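Here is how the chains run, residue by residue.
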Amino acid sequence: MRKIFPLLFALTLLLQCGALGAQGLAPFRAEYRKQAKGLLTLMNDQDTPVRVTLKPQSFTSDVNGHLKLLPLDPNLNLVLSQTSLRIPPNQTRYVSYVSKPNSAPAWFVIYATFVPEAPGIVVGTSVPHFAYITAGNPKLEEMAMVAQYDATKHLLRITLASH
């Protein structure tokens with residue numbers, strides 16, 4: 001029985017990963033001047049409803065580019081229109097945010113965690129949205145990114161577009 005349990009657990013986990021399907025968050029990155037007024041697009045392309053939890057955090061990185069997540073800096077004055085929501089199958093929802101930091105430059109990340117409403121063991125998928133607030137003029141040519149995870153194919157798809 002002890003040898004069978006890990007196999008059953010692994011099989012259950014693999015089957016549940018297929019229920020995640022493709023959820024997405026856009027844009028992946030946004031840059032603002034002096035204050036941020038953003039809109040997140042949250043997508044559920046599957047036949048199962050999902051619960052989404054948004055968690056804003058501050059971050060820093062080391063010399064190798066590895067992120068270290070920190071509690072949200074209160075000086076960012078970040079307000080989200082919602083921090084949790086349900087997305088029905090094959091639908092899209094929008095969440096807005098505003099940040100008026102006490103000083104610039106400033107930055108934060110909002111992690112959207114998608115958890116399917118399915119019986120049994122469920123596995124969530126977290127997708128980040130990075131926001132940067134500059135003191136000067138924003139870049140003339142911005143890159144828009146959309147990140148989508150397809151658990152059935154074990155594929156993270158990132159789409160880049162130039163505005």
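Structure shown above.
Residues numbered from 1 in each chain as written. Predicted model: local features only at pLDDT ≥ 70, side-chain atom pairs only at ≥ 80, totals over all residues. Heavy atoms only, no water.

Draft legend 1. Broad picture of the packing of aromatic side chains. Tallying each qualifying case throughout the model produces five aromatic pairs. Arranged with centres 5.6 Å apart and planes meeting at 65°, the rings of F28 and F130 form a pair that is edge-to-face. Remark: F130 occurs in strand 10 (residues 125-134) and F28 occurs in the loop between strand 1 (22-26) and strand 2 (29-33); sequence separation between them is 102 residues. Residues F28 and F130 agree in their burial class; the two are buried. Judged by centre distance (6.4 Å) and plane angle (85°), the ring pair of F59 and Y132 falls under edge-to-face. Here F59, found in strand 4 (residues 50-61), pairs with Y132, found in strand 10; they are 73 residues apart in sequence, far enough to count as distant. (Phe/Tyr/Trp six-rings, centres within 6.5 Å; stacked < 30°, edge-to-face > 60°. Helix = DSSP H or I, 4+ residues; strand = E, 2+ residues; numbered from the N terminus. Buried < 20%, exposed > 50% of the residue type's maximum accessible area, 1.4 Å probe, protein only.)

Draft legend 2. The arrangement of the pattern of salt bridges in detail. Tallied over the entire structure, the rule returns three salt bridges. For R29, the salt bridge identified is with E31, shortest N-O distance 3.8 Å. With relative accessibility at 15%, the residue E31 sits in the buried group. In this structure, E117 and R51 form a salt bridge, with 2.8 Å as the shortest nitrogen-oxygen distance. (Salt bridge = Lys/Arg side-chain N within 4 Å of Asp/Glu carboxyl O.)

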